[in-house]
Amino acid sequence: MPPEARHIQNLALTGFMGTGKSSVGRLLADQLRFAFLDTDEEIERRTGKSIPAIFAHDGEAHFRDLERALVAELATLRHTVISTGGGLGANAENIARLKAHALVVCLWAAPDRIWERIRHQHHRPLLQDPDPLGKIRRLLKEREPVYRQADVLLNTELRCQREVAQQILHQFHAAQPRSR
Ligand code: S3P
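None of these values were measured; they are calculated from a predicted model.

Caption draft 1: Local environment of the pattern of salt bridges. If you walk through the whole model with that rule in mind, you get 14 salt bridges. As a salt-bridge pair, glutamate 60 and arginine 64 come within 2.9 Å of each other at their nearest N and O atoms. In this pair, glutamate 60 and arginine 64 are both assigned in helix H4 (residues 60-73), four residues apart and thus about one turn of the helix distant. Judged by relative accessible area, glutamate 60 falls into the partly exposed class, the value being 33%.

Caption draft 2: Broad picture of the environment of arginine 97. Its place among the elements puts arginine 97 in helix H5 (residues 92-99). According to the relative accessible area criterion, arginine 97 is partly exposed, its value standing at 41%. Expressed as a C-alpha distance, the spacing of arginine 97 and isoleucine 54, which sit 43 residues apart in the sequence, is 24 Å. Discounting chain neighbours no more than four positions away, the residues touching arginine 97 are Val71 and Ala72.

Caption draft 3: Region of the structure containing the packing of aromatic side chains. All told, the structure shown has two aromatic pairs when counted by the stated rule. With 5.8 Å between their ring centres and 85° between their planes, phenylalanine 34 and phenylalanine 172 make a pair best called edge-to-face. Taken as a pair, phenylalanine 34 in the loop between helix H1 (21-32) and strand E2 (35-38) and phenylalanine 172 in helix H8 (residues 161-174) lie far apart in primary sequence, 138 residues in all. Each member of the pair phenylalanine 34 and phenylalanine 172 is classed as buried.

Caption draft 4: Broad picture of the nonpolar core. Ranked by internal contacts, the top residues of the largest apolar core, which has 33 residues, are Phe16, Met17, Leu98, Ile114, Ile118 and Ile136. When contributions to this core are tallied by element, the ones reaching two or more residues are helix H3 (51-58), H4, H5, strand E4 (102-108), helix H6 (111-118) and helix H7 (132-147). Sorting elements by how many residues they give to this core places H7 first, with six residues. When residues no more than four places from it in sequence are discounted, the contact partners of leucine 98 are Ala12, Thr14, Val71, Leu74, Thr84, Leu88 and Val104.

Caption draft 5: Spotlight on the site of the ligand. Close to the ligand lie 14 residues, the nearest being Lys21, Asp40, Arg64, Arg124 and Arg143. Measuring from an oxygen atom of the ligand, one finds a side-chain N or O atom of arginine 64 at 2.6 Å. In the environment of the ligand, an oxygen atom lies 3.3 Å from a nitrogen or oxygen atom belonging to the backbone of glycine 87. For the ligand, the accessible surface in isolation is 380 Å², of which the surrounding protein chains cover 94%.

Caption draft 6: The layout of surface pockets, seen in detail. For the largest pocket, the calculated volume is near 640 Å³. Surrounding the largest pocket, 37 residues form its lining, Met17, Lys21, Asp40, His123 and Arg124 being those nearest its centre. Sort the elements by how many residues they give to the lining of the largest pocket and H1 lands first, with four residues. Class assignment for the residues of the lining of the largest pocket results in ten nonpolar, 14 polar and 13 charged.

Caption draft 7: Expanded view of H5. Within H5 the residues assigned to the buried category are Asn94, Ile95 and Leu98. End-on, the buried residues of H5 take up no more than an arc of 100°, which puts them together on one face. Against the buried residues of H5 lie strand E1 (10-15), H4, E4 and H7. With a side-chain oxygen lying 2.9 Å from the backbone nitrogen of glutamate 93, the N-terminal cap of H5 falls on asparagine 91.

Parameters and conventions
- Residues numbered from 1 in each chain as written.
- Predicted model: local features only at pLDDT ≥ 70, side-chain atom pairs only at ≥ 80, totals over all residues.
- Heavy atoms only, no water.
- Salt bridge = Lys/Arg side-chain N within 4 Å of Asp/Glu carboxyl O.
- Helix = DSSP H or I, 4+ residues; strand = E, 2+ residues; numbered from the N terminus.
- Buried < 20%, exposed > 50% of the residue type's maximum accessible area, 1.4 Å probe, protein only.
- Contact = heavy atoms within 4.5 Å.
- Phe/Tyr/Trp six-rings, centres within 6.5 Å; stacked < 30°, edge-to-face > 60°.
- Core = buried A, V, L, I, M, F, W, Y, C linked by side-chain atoms within 4.5 Å.
- Near = heavy atom within 4 Å.
- Polar contact = N/O pair within 3.5 Å; in protein donor to acceptor, adjacent residues only side chain to side chain.
- Areas by Shrake-Rupley, 256 points an atom, 1.4 Å probe, with all protein chains shown as cover.
- 1 Å grid on protein atoms, 1.4 Å probe; cavity = no way out; pocket = protein on both sides within 12 Å on 5 of 7 lines; lining within 4 Å.
- Points joined across faces, edges and corners; volume = space filled by probe spheres on them.
- Nonpolar A, V, L, I, M, F, W, Y, C, P; charged D, E, K, R; others polar.
- Arc of directions from axis to C-beta.

Spelled out as structure tokens, the structure:
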């Protein structure tokens, strides 16, 4: 169903690690005067564990279950910008559930650009790999078909975060029924 025909209450940002979902999400929440929810932070808050600890002690499959359970709950939110962990938006069922109440915008960047942005950060368990750039390339290729199921795919490479937020605001307003 196209966004204009849905009851869009929220804005959800998906996309690979390092594409700016959390920073852009916070900017958007400020501009829209919406609440802000980051799914990784919410999972950490609820479990009392960091994402690396969940991966290390309970495994990735358990983390994905926590993500799915959280997504199911998000349907009750109103006026919220939701920033998602990079793997959440790579699951077709999660995307379909988010679309029931949110405009889903996927932030995009090429593997080299992503690596450039996150090479000095060390908190992502999936990138603790002897060849992180190779892993980014492989994961991005694998996830691309589902990332593309978002309502909007936005390339972040040539835009600063403020410009990315501006583009998303425009799309969000266009998706509201009154602008039909
Ligand atoms: C993951 C991305 C991370 C976090 C976890 C797994 C992924 O979130 O959810 O480390 O599978 O891409 P960010 O995209 O916020 O880094």
